[in-house]
Amino acid sequence: SAPITVPARGLVLLVGASGSGKSTFARNHFRPTEIVSSDVCRGLVADDENDQAATADAFDLLHHLVGIRLRRGLLTVVDATNVQRAARASLVALARDHDVLVDAIVFDLPDEVAVERNRIRADRTFGPQVITRQVRELRRSMKGIKKEGFRRVHVLRDVAQADGAAIIREK
Ligand code: ATP
Ligand code: MG
């Protein structure tokens with residue numbers, strides 16, 4: 001399939017339910033320092049990457065980091081579920097504030113992929129109903145996501161597409 005092009009100095013949002021493979025994908029395609037992860041931010045502000053009560057502070061930190069990187073002209077990949085429109089909107093606005101382009105890479109995989117992967121995970125404490133809700137939010141997002149201000153919305157529809165994806169940085 002066609003390579004995924006991303007703006008070299010812009011913002012990239014990974015979008016997908018927990019277990020859809022965002023962090024794995026990010027590790028495979030981007031430098032560690034290019035990835036700003038909501039889990040890492042949660043860990044930094046709460047000593048616990050699963051502490052949902054720390055979400056507001058974690059996203060404060062995430063936005064702060066992303067803003068600084070964009071101001072400095074660095075490609076930045078947000079590794080968070082981003083399944084809620086409001087979560088995407090605040091990051092799209094941040095990109096606009098810094099006059100950079102923003103792309104989305106959406107993990108619109110079959111429902112059972114995320115549920116099954118999370119079932120065998122040791123680093124996640126929540127149950128399948130959380131994944132099901134996120135998948136539902138993602139599905140609901142798909143219709144309008146192209147009009148949310150992204151330059152491009154790249155959609156990965158199955159595991160083969162996600163595993164076979166190639167990333168090209170534009171100039
Ligand atoms: P979260 O939102 O909870 O952080 P995530 O989308 O970042 O989830 P990952 O941590 O990348 O998901 O992957 C979840 C689990 O699925 C991990 O155990 C990982 O090893 C496995 N996994 C991820 N991508 C693949 C893949 N392409 N093929 C097989 N297994 C995968
Ligand atoms: Mg992750």
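Up top is the structure.
Position labels on residues start from 1 in each chain and follow its written sequence. Here every chain gets a letter starting at A, and every ligand a number starting at 1, in the order they are written. Residues qualify for local features only when their pLDDT is at least 70, as the model is predicted, and side-chain atom pairs are given and counted only at 80 or more; totals for whole chains, interfaces and linings, by contrast, use all residues. Derived side-chain values reflect all non-hydrogen atoms in the structure, with water molecules and hydrogen atoms excluded from consideration.

## A short note on helix α4 (residues 85-97)
With 13 residues, α4 ought to run about 18 Å at 1.5 Å a step, and its terminal C-alpha atoms sit 18 Å apart, in line with that. Along α4, the residues that are buried comprise Arg-88, Leu-91, Val-92, Leu-94 and Ala-95. Buried residues along α4 cover an arc of 155 degrees about the axis, so they all sit on one side. Of the exposed residues in α4, those oriented more than 90 degrees away from the buried face are Arg-85, Ala-86, Arg-96 and Asp-97. Phi turns positive, to about 55 degrees, at Asp-99, one or two residues after α4. The helix count covers DSSP runs of H or I at least four residues long, the strand count covers runs of E at least two residues long, and both are numbered beginning at the N terminus. Given a helix with a known number of residues, its expected span is that number minus one, times 1.5 Å. Whether a residue is buried, partly exposed or exposed follows from its accessible area with a 1.4 Å probe, protein chains only, as a fraction of its type maximum: under 20%, in between, or over 50%, in that order. Note: the arc covers the axis-to-C-beta directions of the helix.

## A few points about the site of ligand 1
Any residue with at least one heavy atom within 4 Å of a molecule or strand is counted as near it. Within the structure, ligand 1 sits among 14 residues, and Ser-18, Lys-22, Thr-24, Arg-124 and Asp-163 are positioned closest to it. Within 3.5 Å is the distance limit for a polar contact, defined as a pair of N or O atoms, with the added protein rule that one can donate a hydrogen and the other accept it, and that residues adjacent in sequence qualify only through two side-chain atoms. Measuring from a nitrogen atom of ligand 1, one finds a side-chain N or O atom of Arg-117 at 3.4 Å. Residue Asp-163 places a side-chain N or O atom 2.7 Å away from a nitrogen atom belonging to ligand 1. A total of 630 Å² of accessible area belongs to ligand 1 in isolation, and the protein chains cover 71% of it. Looking at which element gives the most residues to the shell around ligand 1, the answer is helix α1 (residues 22-29), with three residues. Residue type decides the class: Asp, Glu, Lys and Arg count as charged, Ala, Val, Leu, Ile, Met, Phe, Trp, Tyr, Cys and Pro as nonpolar, and the leftover types, Gly among them, as polar. Grouping the amino acids of the shell around ligand 1 by side-chain chemistry returns one nonpolar, seven polar and six charged. A 1.4 Å probe and the Shrake-Rupley method give the accessible areas. Residues count as covered only by the protein chains that appear here.

## So, the side chain of Ser-38
Relative to the elements of secondary structure, Ser-38 occurs in helix α2 (residues 38-46). Pairs of residues are marked as contacts when any of their non-hydrogen atoms sit within 4.5 Å. Look past the residues within four positions of Ser-38 in its chain and what remains in contact with it is Ala-58, Phe-59, Leu-62, Asp-79 and Ala-80.

## Regarding the packing of α2 against helix α3 (residues 55-71)
To get an axis, a line is fitted to the C-alpha atoms, and for a helix only the part in contact is used. The angle between two axes follows their N-to-C directions and goes from 0 to 180 degrees. Contact geometry for α2 and α3: axes closest at 8 Å, N-to-C directions at 115 degrees. As α2 packs across α3, the resulting crossing turns out to be right-handed. Contacts between α2 and α3 involve Ser-38, Cys-41, Arg-42, Leu-44 and Val-45 from the first element and Thr-55, Asp-57, Ala-58, Phe-59, Leu-61, Leu-62 and Leu-65 from the second. For the contact of α2 with α3, a count of residues per class yields eight nonpolar, two polar and two charged. The handedness criterion is simple: a crossing whose near helix is rotated anticlockwise from the far helix by less than a right angle is left-handed, and one whose near helix is rotated clockwise is right-handed.

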